Amino acid sequence: MSSSSLPSDVGPSTRLVHGGVERSQFGETCEALYLTQGFVYESAEAAEARFAGEEDGYVYSRYGNPTVTMFQDRMALLEGAEAARATASGMAAVTAAMVACTKAGDHVVASKALFGGCRYVVEEFLPRFGVEATLVDGPDVEAWKQAVRPNTTALFTETPANPTLALVDIPAVAEIAHSVGARLVVDNVFATAMHQAPLKLGADVVVYSATKHVDGQGRCLGGVILSDEEWVTEKLDVILRQTGPAMSPFNAWIMLKSLETYPLRIRQQTASATAVADAIADHPRVARVIYPGRADHPQADIARKQMTGGGTLIALEIAGGRDPAFAFSNALNVVKISNNLGDAKSLITHPASTTHQRLTDEQREELGIGPGLLRLSIGLEDEADLIADMTQALDRAGKKASVSLG
Ligand SMILES: *Cc1c(COP(=O)(O)O)cnc(C)c1O
């Protein structure tokens, strides 16, 4: 296996180009796509040995597939994790991770500000199977402390949180989790692996929607779960194998190749996000910019402690609420309106009317999702074009708003 000949001290970009490669007998340069459901055996005895686990090798692609393994190994190298498992989507990763941590009679604690599906899994799905859930205000460390019980087996959080980019103190919450013997599961999508390493900060499990920055080009759905070898092989694998949220080898191949450009992309997208956040912060139509890389982020101290960069997402509040926020979004030419994020294309979302439409006004207010809030995902376009597009749209939204006010 060629990755074993890679010096152990190489940097992250080198690991993401060469790591995890398992070359076939043909010596291909580019990783092979093993688009197969199953595998054949030399003999009936070999099949028996393979099933008994006495012989290494693949059995069925729901259990494992060489292309998926290469992607998992490269993800583990990126995260510095002992083990990684790929799933069909980010939500499959979140669900499997939480199911692997719980059984009827257990209790979980999660922050309120979560991606919609994640909130559904903890608030609605787990309780159907006898797992009680408590939701807390993520940035409030004391609230986590008050919420844990002797039967708490998992804490779940997202930091920065969708869509307001509120931050949760990972080492503090990890300590609370461990005080009751629970595992801390962190959804690290918004920070990306380039800017935050939850496992090194004390978390036990990291989950990703690989649909976002890992693919990074808007093609495939995927998810990843990363943790220690023991938990993955003893608790997680049986759930993945028997319930079947396997990642397609085709999607794994796309994601594997995408990881080669991951550091470059995240670095550029973060640099552009920083420039855009600064360029629009003082515009008269912008009531507020929330970006973890700025000194005026409400939890800038936590950002400095646990993040190495602000990431690729910006939250901004347009003065005047929904109408000017819609006018601004509609006036954008380069930035597209979409609920996705982490893409090469810059995308803007109005959470109150889309991703968080189902919440009540009261719940949205509690999470800071006002009618003027927008979530902006910065892509790979030229920084100057993004700033020009944002500025002209803000100017036009302002004019429309003042006309309608007049
Ligand atoms: C998108 C997303 C998910 C869900 O991922 P899918 O790939 O869409 O299933 C979970 N958490 C966060 C923070 C996300 O942005």
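Taken as a whole, this structure holds 18 salt bridges when the rule is applied. Residue D215 is joined to R219 by a salt bridge in which the shortest nitrogen-to-oxygen separation is 3.4 Å. Residue R219 is classed as partly exposed on the basis of its relative accessible area, which comes to 44%. Its salt-bridge partner being E260, residue K257 comes within 3.0 Å of it at the nearest N-O pair. In the salt-bridge network here, residues are joined through shared partners; they are E31, R74, K257 and E260.

Once that is clear, we can look at a nonpolar patch on the surface. The grouping of L33, L35 and F250 at the surface amounts to a nonpolar patch, some 280 Å² of accessible area in total. Here L33 lies in the loop between helix 1 (12-18) and helix 2 (44-51). In this structure L33 comes out as partly exposed when scored by relative accessible area, which is 33%.

Around the ligand lies a shell of 14 residues, among which M91, D187, S209, T211 and K212 are the nearest. At 2.8 Å, a side-chain N or O of S209 approaches an oxygen atom of the ligand. Comparing atom positions with the cavity grids shows the ligand to sit within the second largest pocket. Looking at side-chain class alone, the shell around the ligand contains six nonpolar, five polar and three charged residues.

What follows deals with the packing of helix 3 (residues 66-79) against helix 9 (residues 249-258). Across the interface, helix 3 lies against helix 9 with an axial gap of 8 Å and an inter-helix angle of 35°. Every pair of crossing elements has a handedness; the one defined by helix 3 and helix 9 is left-handed. On helix 9, the residues touching T67, V68, M70, F71 and R74 of helix 3 are P249, A252, W253, M255 and L256. When grouped by side-chain class, the residues that make up the contact of helix 3 with helix 9 number eight nonpolar, one polar and one charged.

So, about the layout of surface pockets. By volume, the largest pocket amounts to about 770 Å³. Considering the residues around the largest pocket, the lining is formed by 29 residues, among which Y58, Y63, G64, D237 and R241 are closest to the centre. By residue number, the principal contributor to the lining of the largest pocket is helix 3, which donates five residues. Residues belonging to the lining of the largest pocket are distributed by class as follows: 13 nonpolar, seven polar and nine charged.

The next thing to look at is the pairing of strand 5 (residues 183-187). Among the five residues of strand 5, five are classified as buried, and the element is accordingly described as predominantly covered. The alternating pattern of strand 5 places R183, V185 and D187 on one face and L184 and V186 on the opposite face, and all of these are buried. As judged from the five bridges shared by strand 4 (residues 152-158) and strand 5, these two strands associate in the parallel manner. Looking at the pairing, F156 lines up with V185 of strand 5. Between strand 4 and its parallel partner strand 5, the chain crosses via helix 7 (residues 170-179), and the hand of that crossover is right-handed. By the bridge criterion, three bridges tie strand 5 to strand 6 (residues 205-209) in an arrangement that is parallel. Bridge pairing in strand 6 places D187 opposite V207.

A word on the sheet that holds strand 1 (residues 83-87). The strands making up a sheet associate through hydrogen bonds between their backbones, and the pairing can be parallel or antiparallel. Reading across from one edge, 1-7-6-5-4-2-3 is the order of the seven strands in this open sheet, with mixed pairing throughout. In this open sheet, the two edge strands, each paired with only one partner strand, are strand 1 and strand 3 (132-136). Across the sheet, the mean angle separating the axes of adjacent strands is 20° when strand polarity is ignored. Inspection of the sheet shows strand 2 (residues 107-111) paired to strand 4 by four bridges, in the parallel sense. Bridge pairing in strand 4 places A110 opposite F156. The sheet contacts of helix 5 (residues 116-128) involve strand 2, strand 3, strand 4 and strand 5, and relative to strand 3 the element is tilted by about 150°. The strands touched by helix 8 (residues 229-243) within the sheet are strand 1, strand 5, strand 6 and strand 7 (223-227), with strand 1 carrying the most contacts at an inclination of about 20°.

Glancing now at helix 5. The terminal C-alpha atoms of helix 5, which comprises 13 residues, lie 18 Å apart, in line with the 18 Å expected from a rise of 1.5 Å per residue. At V122, helix 5 shows its largest bend, some 30°. Taken together, the buried positions of helix 5 are C118, R119, V121, V122 and L126. Contact partners of the buried residues in helix 5: helix 4 (90-101), strand 2, strand 3, strand 4, strand 5 and helix 13 (361-367). Residue G130 follows helix 5 closely and has a positive phi angle near 80°.

Taken together, the side chains of E82, E229, E230 and E234 make up a negatively charged region of the molecular surface. For E229, the location among the structural elements is in helix 8. For E229, a relative accessible area of 37% translates into the label partly exposed.

In many analyses, interface size is given as the accessible surface area lost on bringing the parts together. Here the protein chain is described as being made up of domain 1 (3-259) and domain 2 (262-405). Once you take the C-alpha centre of each, domain 1 and domain 2 turn out to be 28 Å apart. Each partner contributes residues to the interface: domain 1 has 38 residues there, and domain 2 has 36 residues. For the pair domain 1 and domain 2, the two sides together bury roughly 3,200 Å², of which 59% comes from carbon and sulfur. Ranking the residues of domain 1 by area buried against domain 2 places L167, H195 and H213 at the top, with a combined share of 23%. On the surface where domain 1 and domain 2 come into contact, there are two salt bridges. Residues D169 and K305 are paired through a salt bridge, measuring 3.7 Å at the closest nitrogen-oxygen approach. On inspection of domain 1 and its partner domain 2, the count reaches 19 residue pairs in polar contact (both at pLDDT 80 or more). Residue assignment for the side of domain 1 that touches domain 2 shows that the elements contributing at least two residues are helix 1 and helix 7.

What counts and what doesn't
- Residues numbered from 1 in each chain as written.
- Predicted model: local features only at pLDDT ≥ 70, side-chain atom pairs only at ≥ 80, totals over all residues.
- Heavy atoms only, no water.
- Salt bridge = Lys/Arg side-chain N within 4 Å of Asp/Glu carboxyl O.
- Buried < 20%, exposed > 50% of the residue type's maximum accessible area, 1.4 Å probe, protein only.
- Patch = residues over 30% accessible without salt bridge, like charges linked within 9 Å, V, L, I, M, F, W, Y side chains within 5 Å.
- Areas by Shrake-Rupley, 256 points an atom, 1.4 Å probe, with all protein chains shown as cover.
- Helix = DSSP H or I, 4+ residues; strand = E, 2+ residues; numbered from the N terminus.
- Near = heavy atom within 4 Å.
- Polar contact = N/O pair within 3.5 Å; in protein donor to acceptor, adjacent residues only side chain to side chain.
- 1 Å grid on protein atoms, 1.4 Å probe; cavity = no way out; pocket = protein on both sides within 12 Å on 5 of 7 lines; lining within 4 Å.
- Sits in = over half its atoms within 2 Å of the grid points.
- Nonpolar A, V, L, I, M, F, W, Y, C, P; charged D, E, K, R; others polar.
- Axes fitted to C-alpha atoms, helices over the stretch in contact; angles between N-to-C directions.
- Left-handed = near helix turned anticlockwise from the far one by under 90°.
- Contact = heavy atoms within 4.5 Å.
- Points joined across faces, edges and corners; volume = space filled by probe spheres on them.
- Pairing = 2+ DSSP bridges.
- Right-handed = clockwise from strand over helix to strand, strands pointing away.
- Expected span 1.5 Å × (residues − 1).
- Bend = angle between axes of the 7 residues up to and from the residue.
- Lys, Arg positive; Asp, Glu negative; His and termini not counted.
- Charge placed at Lys NZ, Arg CZ, Asp CG, Glu CD.
- Domains from an automatic or database assignment.
- Buried area = accessible area lost by both parts, 1.4 Å probe.

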